[in-house]
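Descriptive structure summary
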Amino acid sequence: MLSSNNEGPFDQPSGGQIQIDALSEERAGISAGASLSVNNSSSSDARVGDGEESTDTIPRVQPATDALEKRIAAVLRCEVCFDLRRTSMYLCKEGHSICAPCLTDLSAEARIYRVPPKCFCCETDISVTVRNITVEKVIQELSSNCQYCNEKLPYKFLDNHERYECNVYPTMCKNVRIGCDWEGPRNQLPEHESNCALLRRTCQDIVTNLETLESKHEVEKNLFRNIADLLSYEMIAFTDLQFRPCYIEDDLFYETKVFLVFGRIWMVRARIDFRDDPNRFGINSILYQLILRTETDLSLHIQFVALKGPYSNVQISPQIYKYDFNANNLESNYGVLPLKDGNDYAQFMASRDVNFRIAMFLSN
């Protein structure tokens, strides 16, 4: 079985003085070792206190919190993908930072070519790495914007804010259990529930809605029963992958790196089916296929399903596909990659890469 891959704000000093950091001192042409302060006065007599009286004046310096956070973020980025990852971070022997998805990518690729995994920067062996918990904690303190209301707060508080505090977080009517399909921002929920049209419908309409919901639940139960049956297979593989955009003959596709499963090399390719519907960001559906990159004389009966990745917020509704691979059929048919939330389609389009997990089952 192979696994590979898809700020706290600084307080502004109170009182009549503004502290200047070493960088500001250097820019002002003053030794960083001196004790500096600027009087909070509109008078042109504001002086620099360096132990002696001075007639020189310097402009008032404001704390550059945002600029400092950007510099810190640049230092903490993964040295392989250059992204600021909210995942586990590791160090090679020379001190280069590697995020968990990239470490898994490098390890998987090395396994395919049967060579030791090496750091992308210095080529040192990364078979054994050290967890960098300090970097992880610092990244958690950096500011992030809520994807719904755009409020800026430390990343470690972001999930709790979005789920329980954000006024525009997408919520559903409590009557969803009897068929109401309304979904909207949290601050509009009380008004909707007090005027929910479903409560004014007849009993027969509600019964019809309940029957429709029951049929959907039955489909989900069948899916879970099928997955339970697949888990009895002797050959199972779960692989974490990332979609990356690419162009093939001027057409946009999303592809993963190759990965090794069942002794053969595979990859996954996806494409987007567009439509003219602004409510779905112009996307009808995302389609994907499994591709066998190794020639084979045998017939391989494969069942596969795409699942939510460990480093992704994109929710995927599991759907199992079957395909018989052989020498003449190395690419499966395209199947729908069903996303639960319409906002995830926009995230799929905007993300540099999309992390997901694929489960593969080989039957005799």
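Residues numbered from 1 in each chain as written. Predicted model: local features only at pLDDT ≥ 70, side-chain atom pairs only at ≥ 80, totals over all residues. Heavy atoms only, no water.

The name given to the protein chain in an unreviewed UniProt entry is TRAF-type domain-containing protein, with the source organism recorded as Glossina morsitans morsitans.

Here we look at helix α4 (residues 133-141)
For α4, the set of buried residues is Val135, Glu136 and Ile139. Viewed end-on, α4 has its buried residues packed into an arc of 100°, placing them on one side of the element. Of the exposed residues in α4, those oriented more than 90 degrees away from the buried face are Thr134 and Lys137. (Buried < 20%, exposed > 50% of the residue type's maximum accessible area, 1.4 Å probe, protein only. Helix = DSSP H or I, 4+ residues; strand = E, 2+ residues; numbered from the N terminus. Arc of directions from axis to C-beta.)

With respect to the packing of aromatic side chains
For the structure on display, the rule yields eight aromatic pairs. Ring centres of Tyr288 and Phe304 lie 6.0 Å apart, and the angle between their planes is 80°; this geometry places the pair in the edge-to-face category. On the criterion of sequence distance, the pair formed by Tyr288 in strand β14 (residues 283-292) and Phe304 in strand β15 (residues 300-308) is long-range, its members being 16 residues apart. Since its relative accessible area comes to 1%, Phe304 is described here as buried. Through successive ring pairs, a cluster of aromatic residues spans Trp266, Tyr323 and Phe325. Just above the ring of Phe253 sits the side chain of Arg269; from NZ or CZ to the centre is 5.9 Å. The aromatic ring of Tyr334 is capped on one face by Arg271, whose charged end is 4.5 Å from the ring centroid. (Phe/Tyr/Trp six-rings, centres within 6.5 Å; stacked < 30°, edge-to-face > 60°. Lys NZ or Arg CZ within 6 Å of the ring centre and 35° of its normal.)

Some remarks on the pairing of strand β18 (residues 354-363)
Of all ten residues in β18, eight are buried, a share of seventy percent or more. Judged from the nine bridges that link them, strand β10 (residues 235-248) and β18 form a sheet pairing that is antiparallel. Pairing of Gln242 across the sheet is with Asn355, part of β18. When β15 meets β18, the two strands line up antiparallel, connected through eight bridges. Each residue of the ladder has a partner; that of His301, found in β18, is Ser363. (Pairing = 2+ DSSP bridges.)

A few points about the nonpolar core
Trp266, Leu290, Ile302 and Met360 are the most contacted members of the largest nonpolar core, which has 31 residues in total. Those elements giving two or more residues to this core turn out to be β10, β12 (259-261), β13 (264-274), β14, β15, β16 (321-325) and β18. Counting residues per element, this core draws most heavily on β18, which supplies five residues. Among residues more than four places away in sequence, those in contact with Leu290 are Phe259, Trp266, Met267, Val268, Ile302, Phe304, Phe325, Leu330, Glu331, Ser332, Ile358 and Met360. Counting residues in each nonpolar core, the second largest holds 17 residues, with Val80, Cys81, Cys119 and Leu142 among its members. (Core = buried A, V, L, I, M, F, W, Y, C linked by side-chain atoms within 4.5 Å. Contact = heavy atoms within 4.5 Å.)

A few points about the pairing of strand β11 (residues 251-255)
Two strands pair when backbone bridges link them, and β10 and β11 are joined in this way by five bridges, in the antiparallel orientation. From the neighbouring strand, Pro245 faces β11, where its bridge partner is Tyr254. Linking two consecutive strands that pair antiparallel, namely β10 and β11, is a turn of two residues; a positive phi of about 55° is found at Glu249 within it.

A short note on the sheet that holds strand β3 (residues 89-91)
The sheet built from three strands is open, its strands ordered β4-β3-β5 with antiparallel pairing. The open sheet terminates on both sides in strands that have one partner only, identified here as β4 (97-99) and β5 (130-131). Bridge count for β3 against β5 is two bridges, and the pairing is antiparallel. Bridge pairing in β5 links Tyr90 to Arg131.

Things to note about the side chain of Gln289
By secondary structure assignment, the location of Gln289 is in strand β14. A polar contact of 2.8 Å, which involves the side chain of Gln289, links it to the backbone oxygen of Ser332. Look past the residues within four positions of Gln289 in its chain and what remains in contact with it is Met267, Val268, Arg269, Glu331, Ser332, Asn333 and Tyr334. (Polar contact = N/O pair within 3.5 Å; in protein donor to acceptor, adjacent residues only side chain to side chain.)

A look at the pattern of salt bridges
Under the defined criterion, the tally for this structure stands at five salt bridges. Where Arg163 meets Asp159, a salt bridge forms, and the shortest distance between an N and an O atom there is 3.1 Å. Taken together, the positions of Arg163 and Asp159, both in helix α5 (residues 158-165) and four residues apart, correspond to about one turn of that helix. Residue class for Arg163 comes out partly exposed when judged on its relative accessible area of 44%. We note a salt bridge from Asp240 to Arg357, for which the minimum N-O separation is 2.5 Å. A residue pair is termed long-range when its members are at least 10 positions apart, and Asp240 in strand β10 and Arg357 in strand β18 qualify at 117 residues. For Arg357, a relative accessible area of 28% corresponds to the partly exposed category. (Salt bridge = Lys/Arg side-chain N within 4 Å of Asp/Glu carboxyl O.)

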